Structure formats: structure tokens, C-alpha cells
Amino acid sequence: MPDLERDGRRELPYGLVLRSSEAGGRVGEVRRWATAGTPVRDAAPGGLPEQLLADHVPEPAARLLGTAAQEAGMRPVLTVPLSDLAVPRRPGGPDRSGAPGPHLLLEAPMPPPGEGQVLLEADATGVVRWVFPEAAVQGGRPDRAAGAQTFRVPTEQFALPAGGPTADRGIVGFGVGKVLHLLRFPIERAAGLAADFAVSRWEKKHRPYGLRLTTPQTFLAAGEQAGEGSGVQVSAGRLAELADRPFLLFVHGTFSRCRTGFRGIADDQPLLHDLHRRYDGRVLVFDHPTVHLDPADNARWLLEHLPADRRLTLDIVTHSRGGLVARHLSQNGLAGAGRPAPSIRMLVHVATPNAGTALAEKQRLSDLLGVFTNLLGLFPEELVSTTLEVVLEVVKHGATGVLGGLDGLAAMDPASQGLGELNASAVPTEGSVRAVTSDFEPARDSALAMRALDGLVDRLFGVGNDLVVPTEGVHRAGSYVVSDPLVVPSASAVVHSGFFRDGQVRASLSEWLPGS
């Protein structure tokens, strides 16, 4: 096992070159996968889930991610194990200046025409991260004349709290060892051009709009056939017929659908039945694309499918980015000619990035995707694979240097124009607004990967967070301040994807929602 000296350079098999900056360690035997010489479109899947398990990615995260990646057309080409990594100790905590810290540069051969590649890093703690080619991070397309791509692998290290299960295998910190997997995937083409809008085409097919009136029996199944073009399931005429009393509307968050985002409510059968009874069957779910369109576009579509001659009254429960859609929904400027904006009687923000999230900054795209990849694996739901699908589509999109076409994610950037305009106004006085947030801290006996992910995200944010959204930013954003927020107590604090699994959150919803 050869050494990699600090600020050194080592040539590895199969055309790889590894350089270090302020980091040293040992390099294991490079593995070339059996399908490496086969065009990606023709290469059979297999082996990635088992490899991730061997890399200490916990079950079921390894199998979920490995299987989803294979189904997305990703194939491992080369694997580089690293151990005994060491970096200089920096006093005063993590450096958030933006200056490059200790890192490794892995130079890999350029993929063949029609293929892209991305690096999947599996830390010895079980946390995974996506690493884009340097040219892609800077918004550039692959320069195939250069013959190689370079990946910058951060080597930050931090200690983890003691007290985990014996499965910790003696690991005491993040960044001591990791395995790098070079994955290749086919680049889809349309009309003979590289797919700048690959994600938009994918979302239109697999995540179309849908506005549906539900029953307790159909709430979870709503949108199940969305990928087959089921479209709008309730007409404006039917909504007008029911407009004499308020509706309850659910609006999901990033990468999600209502049937996945609100699964915790669907599984609480007494609450679900009570809400449908309380609103006399006027319970709506709004499915919408969250990646290539911004929240204002989503709100505009919804307004265009509401009655033109009746003003609806809505109580809205939102998760994450869905809260931004709801805020745009009440703006008369978005309404079509002669189409009234609804009256929002009650708006509940659950983990809404009202002040944005640093993960949505363009240069943080791989961090955003990494956090969601880990969350989906560490807190799996029955339908989590459907959410992983869109995450992996965005991974492929970003790895090819296409940083445009992600307006739905960019809308959560704290510096985005849309957020600035929304937060220039105070909370409306004509309705009631609630906020639910959390400062997640894992229990001492939590899984090693969970503790490592929390430490990694805390270093990125520098403030309390639910692993995706800053705690305070849910209820305090410029002039938009929601009083008396529900901050889930630290003893039971939940992650971004887990709010509706929490009994206190569901009890609060039951208390706040007045019914028809």
C-alpha cells in the first residue's frame, strides 16, 4: 500500500493521477471493474450495492443507493481506496471563508463521447458524497481535447462524539479513510444536442403537475400514476361547486411528491380520517416539478387551474420548498386575467427555507445532492427510491457541467432575487401563519453515519439546522417573521425529511387546522 506524501503526486494504474494539498495518507489497490471497457449503455448492472456495503455504507442505504444508481444507468469504472489520511489541525473550528482547505485532486481519463462521469466518495463513517469534475463545478463543459477530468476531493476531518454502537469499528472521526468510485453514465441527447435540459424533460415525464381531490383511501396513492400522464384529476368546475367552504391543501417539497412527503400523515389513520371529516372531503394534494421550475412557476400553474369565477379559501400545509410555492400563490400579480388569487386562511410552514439554504448555492449543488442522498438512505421510507431517482438525475445533470436549468433549486439560494422579493414583505395579517422547525442533534447512540452526517452539515452551516434548512430561517426571513414557531425539542428533534413522523408535529397540525 503506497504512501501519498503531503503535497505530493502519485501516478496510479489505469491512467489515474492523485495529487495532494495539505493532506497525506495511503493508497490501496486500484480496482478496475469488469465492465470498464464496455460502453455504458451496454454494460450490465451489478456489484455496486455490495461494494458500498463493503465500504461501510450502512444497510439499507448501500442497497438503496447502489440499486438506484444502477437503474439510473451509472456504472462503476475504477475504485480507489484511501486510508490513514492526515491533515493539519486548524485551531478555531472550520474555515468558512471559501478558500480551498486540505484536499486531493484525482485526475481520471475523459469518458468516451456520449458518456459523463462523477465521483462517489464513501467515507469510512458510512457517509457518501458526490464530487463533480472541476470544470463542471465552475460551470464549464468537458474539454475532451484535454483527455482527462480532475476531481477535487475535500479531506476535512473532525472527531465524532464517543458512545456509538460497537459497529463503529473503532473509527473515531470523519475523513480518516474513504473509497472513491468513478462512475460513468450515458448522456441523453435530444435533436442531436447534448441535453442541457435533461432534468426538465425527465421531470415533465416522471414528475408532472397534478391537482387531486382525495379521500382517506386515496390520499397516499394520489399521483401514483403521475409518470403515465394522469395530469389534473379535479376540474376547476368541481372546485367551484365546493367553493362554499374552505379546502385543505398539501404542497410538498424538493425532489418529492405528496405521497412521499406526507407519508407520516397518511400513516396516522385517525388524523387522516379526521382531517377529511373536518373538511368534509375538501382535501387537495398538489404535485409539481421542483427542480427545473421555480416556486412562482408552480404557483402560477396552480392558479391557472383554479376556478376563474370563484375565489377559493385555502388552509395550506407545506413541507420545505412547498412553503415558498404557497407564499407565491397568494400574490395577485401571478394570477391570470380575471382569475382571483385564493384567500389563504391558514398557512403552515414545515421546514420551509424562507431565508433560503446554503445548500442551494450553485457551488454547493453537490453538497445538496449528497445530503439528500444520505438522508434518503439513513431514513428510508417505502417510496424512497422514487425520490432518489430525481436526485440521481440532477447528479448526472450537474456532473456534465450543466448548472443552468435548475431554477427550482436556485430559488432556495439565500441570495436569490425571488426570496428577496418575498421577504421584503411581512407576514400577511388577513390569515394565520404557523412555522415548524428543528435543530437536529443525533443521540449519542445513533448510527455512526448519522453522527458523521450531522457533524459535516453543522460545519457547513455554522448554525442550527435540520440537515437541509437553518432552524431560524424557517420562521425569520427579512421582514417575514412568523411568531411563536414550534421548534421541535432537541430531545426529539427531527431531520428535514422526518417532521410528519413526529407525534408533536401531527398533534399541532390537528390543533391548528380549523376545518370547514
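By convention here, each chain's residues receive numbers from 1 onward along its written sequence. Local features in this predicted model are restricted to residues of pLDDT 70 or higher, and side-chain atom pairs are both shown and tallied only at a pLDDT of 80 or more, whereas totals for entire chains, interfaces and linings draw on every residue. Just so you know, side-chain values use all the structure's heavy atoms and leave hydrogens and water out.

**Details of the overall build of the chain**
Worth spelling out the cut-off: The secondary structure listing takes helices from DSSP runs of H or I that are at least 4 residues long and strands from runs of E that are at least 2 residues long, numbered from the N terminus. Each residue's exposure class comes from its accessible area (1.4 Å probe, protein chains only) as a fraction of the maximum for that residue type: buried when under 20%, exposed when over 50%, partly exposed otherwise. Only the protein chains shown count as cover for residues, with accessible areas throughout obtained via the Shrake-Rupley method and a probe of 1.4 Å.
Of the regular secondary structure elements, the chain holds 16 helices and 24 strands. Sorting the 516 residues of the chain into buried and exposed places 57% on the buried side. Carbon and sulfur atoms provide 51% of the accessible area of the chain, an area that totals close to 20300 Å².

**Considerations on helix α2 (residues 61–71)**
Within the span of α2, buried status applies to A61, A62, L65, G66, A68, A69 and Q70. Downstream of α2 by one or two residues, G73 has phi in the positive range, about 90°.

**So, the pairing of strand β18 (residues 283–287)**
Put simply, the test is: Strand pairing follows a simple DSSP-based rule, namely that at least 2 bridges must link the two strands.
Burial runs high along β18: 5 of the 5 residues are buried. Across the two faces of β18 the burial is the same, with V283, V285 and D287 and L284 and F286 all buried. Summarising the sheet, strand β16 (residues 210–213) and β18 pair through 4 bridges and their orientation is antiparallel. The residue of β18 that forms the bridge with R212 is V285. Relative to β18, strand β17 (residues 247–251) is paired through 4 bridges, and the arrangement is parallel. Counted as the bridge partner of L249 is L284 from β18.

**Digging into the sheet that holds β18**
What counts is decided by this rule: Helix axes are fitted to C-alpha atoms over the stretch in contact, other axes to C-alpha atoms as well, and angles between N-to-C directions run from 0 to 180 degrees.
Strand order in the open sheet formed by 7 strands is β16-β18-β17-β19-β20-β21-β24, with mixed pairing between adjacent strands. Looking along the sheet, the strands with just one partner apiece sit at the ends: β16 and β24 (486–488). The average angle at which neighbouring strand axes cross in this sheet is 15°, direction not considered.

**Focus on the sheet that holds strand β10 (residues 148–154)**
Pairing is antiparallel across the open sheet formed by 4 strands, whose spatial order is β2-β3-β7-β10. Across the chains shown, the open sheet's two edge strands, defined by having one partner strand only, are β2 (9–11) and β10. Within the sheet, the average angular offset between the axes of one strand and its neighbour, ignoring direction, is 15°. Bridge count for strand β3 (residues 17–21) against strand β7 (residues 103–109) is 5 bridges, and the pairing is antiparallel. Bridging across to β7, L18 finds its partner in L106.

**Quick notes on the packing of aromatic side chains**
This is how it is decided: Note on aromatic contacts: the rings of Phe and Tyr and the six-membered ring of Trp form a pair at centre separations within 6.5 Å, being stacked when their planes are under 30 degrees apart, edge-to-face when over 60 apart, and tilted otherwise.
Counted under the stated rule, the structure contains 8 aromatic pairs. Note on Y209 and W301: the rings are 4.4 Å apart at their centroids and 5° apart in plane angle, and the pair reads as stacked. Here Y209, found in the loop between α4 (198–206) and β16, pairs with W301, found in helix α9 (residues 295–304); they are 92 residues apart in sequence, far enough to count as distant. With respect to class, Y209 is no different from W301; both count as buried. For the pair F255 and F372, a centre-to-centre distance of 4.9 Å together with 90° between the ring planes defines the contact as edge-to-face. Of the two residues, F255 is situated in the loop between β17 and α6 (258–261) and F372 in helix α11 (residues 365–378); the sequence distance between them amounts to 117 residues.

**Here we look at the pattern of salt bridges**
We apply this condition: What counts as a salt bridge is simple: a side-chain nitrogen of Lys or Arg found within 4 Å of a carboxyl oxygen of Asp or Glu.
Under the counting rule described, the total for this entry stands at 26 salt bridges. Note that R212 and D287 form a salt bridge whose closest N and O atoms lie 3.3 Å from each other. Taken together, the positions of R212 in strand β16 and D287 in strand β18 put the pair 75 residues apart, joining distant regions of the chain. Each member of the pair, R212 together with D287, is buried. It is possible to trace a salt-bridge network through shared partners that takes in E121, R129, E156 and K178.

**Brief notes about the pairing of strand β9 (residues 128–131)**
Judged by which residues are buried, β9 turns out to be covered on both faces: V128 and W130 on one side and R129 and V131 on the other are all buried. In the sheet, strand β8 (residues 115–123) pairs with β9 via 4 bridges, with the strands oriented antiparallel. Residue L119 lies in a different strand from β9, and its bridge partner there is V131. Hairpin connection between β8 and β9: a loop of 4 residues separates the two successive antiparallel strands, and G126 in this loop has a positive phi of roughly 105°.

**Structural notes on the packing of α11 against helix α15 (residues 448–461)**
Two packed helices can be described by the angle between their axes and the distance between those axes. As a reminder of what qualifies: Every angle not falling under 35 degrees, over 145, or within 65 to 115 is termed oblique; those three ranges are roughly parallel, roughly antiparallel and roughly perpendicular. Definitions for this section: a left-handed crossing has its near helix turned counterclockwise from the far helix by less than a right angle. A right-handed crossing has that turn clockwise. Contacts: residue pairs with any heavy atoms within 4.5 Å of one another. For this classification, the nonpolar set comprises Ala, Val, Leu, Ile, Met, Phe, Trp, Tyr, Cys and Pro, the charged set comprises Asp, Glu, Lys and Arg, and every other residue, Gly included, is treated as polar.
Put simply, α11 and α15 touch, their axes get as near as 11 Å, and they point 155° apart. The angle between α11 and α15 places the two elements in the roughly antiparallel class. Judged by the sense of rotation from one axis to the other, the crossing of α11 with α15 is left-handed. Together, D367, V371, N374 and L378 of α11 and A449, M450, L453, V457 and L460 of α15 make up the contact between the two elements. Split into classes, the residues belonging to the contact of α11 with α15 amount to 7 nonpolar, 1 polar and 1 charged.

**So, the side chain of N423**
Worth spelling out the cut-off: In protein, a polar contact means a hydrogen-donor-capable atom and an acceptor-capable atom, both N or O and within 3.5 Å, with residues adjacent in sequence counting only if both atoms are side-chain atoms; elsewhere, any N or O pair within 3.5 Å suffices.
With respect to the secondary-structure elements, N423 resides in the loop between α14 (417–422) and β21 (432–438). Judged by relative accessible area, N423 falls into the buried class, the value being 11%. Of the polar contacts made by the side chain of N423, one reaches the side chain of R327; its length is 3.0 Å. Sequence-distant contacts of N423, that is, excluding residues within four places in its chain, are made with R327, N354, A355, A477, G478, S479 and Y480.

**Examining the side chain of R75**
Here is the rule we go by: Charged residues are defined narrowly, with Lys and Arg counted positive, Asp and Glu counted negative, and His plus the chain ends left uncounted.
Along the chain, R75 falls in strand β6 (residues 75–86). E71 provides the closest opposite charge to the buried, unpaired R75, separated from it by 9.5 Å. Polar side-chain contacts of R75 include one of 2.8 Å to the backbone oxygen of Q70.

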